[in-house]
Amino acid sequence: GSPDDEEEGALLCLEVVEVKKVPAPVTALAVFLGCFLLIGSGSRLFCVTLKEEQGVMVRVTSVGLRGTIQSISTCGETIAVADSKDGVLLLKLNKQKLAFEILWTDPRARTPASCLLLSEDVVVGVEQC
């Protein structure tokens, strides 16, 4: 094809950076603060950073939740996680301690399919029927 075709194809090219084993299937992913990747694996929430120059992912921290993570959404420094036991949780990453802090949990046990954080204190959840 033409040089334009080659250039266009390059934009769609993905490269494997590193293969990591996690304890359960990955059910959710989200970018956090432009430099972290949040990974939901079973009931565990991982925060990793990508060291592109070395081609590796480095685990920053992780936390175990009570239920299987269904979705992850972020807005600013707030993280919303929908899990199968607690419904929706709001968390924050304490960068000094390199640990997640739970800010709020849903007072009613719901079974959300997904959640979307609209602002740092407004989250919308969709319940499973």
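In what follows, the structure referred to is the one given above.
Since we're looking at a predicted model, the values are computed, not measured. (Residues numbered from 1 in each chain as written. Predicted model: local features only at pLDDT ≥ 70, side-chain atom pairs only at ≥ 80, totals over all residues. Heavy atoms only, no water.)

J.: Where do I start with the overall build of the protein chain in this structure?
T.: The helix and strand tally for the protein chain stands at one helix and 10 strands. Reading the secondary structure of the protein chain in the N-to-C direction produces α-β-β-β-β-β-β-β-β-β-β. The buried share of the protein chain, taken over its 129 residues, is 33%. Total accessible area computed for the protein chain in this model is approximately 8,200 Å², and 54% of it derives from carbon and sulfur atoms. (Helix = DSSP H or I, 4+ residues; strand = E, 2+ residues; numbered from the N terminus. Buried < 20%, exposed > 50% of the residue type's maximum accessible area, 1.4 Å probe, protein only. Areas by Shrake-Rupley, 256 points an atom, 1.4 Å probe, with all protein chains shown as cover.)

J.: Would you take a moment to explain the side chain of Asp-83 for this structure?
T.: With respect to the helices, strands and loops of the structure, Asp-83 is situated in strand β6 (residues 78–83). Of the side chains with opposite charge, Arg-66 lies nearest to the buried Asp-83, which makes no salt bridge, at 6.2 Å. Reaching out from Asp-83, the side chain makes a polar contact with the backbone nitrogen of Asp-86 at a distance of 2.6 Å. Apart from residues lying up to four places away in sequence, Asp-83 is in contact with Leu-65, Arg-66, Gly-67, Thr-68, Ile-69, Gln-70, Leu-89, Arg-110 and Pro-112. (Lys, Arg positive; Asp, Glu negative; His and termini not counted. Salt bridge = Lys/Arg side-chain N within 4 Å of Asp/Glu carboxyl O. Polar contact = N/O pair within 3.5 Å; in protein donor to acceptor, adjacent residues only side chain to side chain. Contact = heavy atoms within 4.5 Å.)

J.: Would you take a moment to explain the nonpolar core for this structure?
T.: Residues Leu-38, Leu-45, Ile-72, Ile-79 and Phe-100 are the most contacted members of the largest nonpolar core, which totals 18 residues. For this core, the secondary-structure elements that each account for two or more residues are β1 (26–32), β2 (36–41), β3 (44–51), β4 (56–64), β5 (69–75), β6 and β7 (87–94). When sequence neighbours within four positions are dropped, the list of residues in contact with Ile-79 reads Phe-32, Leu-38, Ile-72, Ser-73, Thr-74, Leu-89, Leu-90, Leu-91, Phe-100 and Leu-117. Ala-82, Val-88, Leu-90 and Leu-117 belong to the second largest nonpolar core, which has six residues in total. (Core = buried A, V, L, I, M, F, W, Y, C linked by side-chain atoms within 4.5 Å.)

J.: What exactly am I supposed to notice about the sheet that holds β6 here?
T.: Consider a sheet: its strands pair through backbone hydrogen bonds, and that pairing is either parallel or antiparallel. The strand order β5-β6-β7-β8 describes an open sheet built from four strands, whose pairing is antiparallel. Two strands close off the open sheet at either side, each with one partner strand: β5 and β8 (99–105). With strand direction ignored, the average angle separating the axes of adjacent strands in the sheet is 30 degrees. By the bridge criterion, six bridges tie β7 to β8 in an arrangement that is antiparallel. Counterpart to Lys-92 in the pairing with β8 is Glu-101. (Pairing = 2+ DSSP bridges. Axes fitted to C-alpha atoms, helices over the stretch in contact; angles between N-to-C directions.)

J.: What is the right way to look at the pattern of salt bridges in this model?
T.: Where side chains of opposite charge bring their charged atoms close, a pairing between them can arise. In total, this model carries four salt bridges according to the counting rule given. In this structure, the salt-bridge partner of Glu-77 is Lys-95, at a minimum N-O distance of 3.6 Å. Placement of the pair is Glu-77 in the loop between β5 and β6 and Lys-95 in the loop between β7 and β8, with a sequence separation of 18 residues. For Arg-110, the salt bridge is made with Asp-106, and the minimal N-O distance between the two is 2.5 Å.

J.: Would you explain a nonpolar patch on the surface in this entry?
T.: A cluster of nonpolar side chains, Leu-116, Leu-118, Val-122 and Val-124, forms an exposed patch at the surface whose accessible area comes to about 340 Å². Listing elements by their share of the nonpolar patch, those giving two or more residues are β9 (112–119) and β10 (122–127). (Patch = residues over 30% accessible without salt bridge, like charges linked within 9 Å, V, L, I, M, F, W, Y side chains within 5 Å.)

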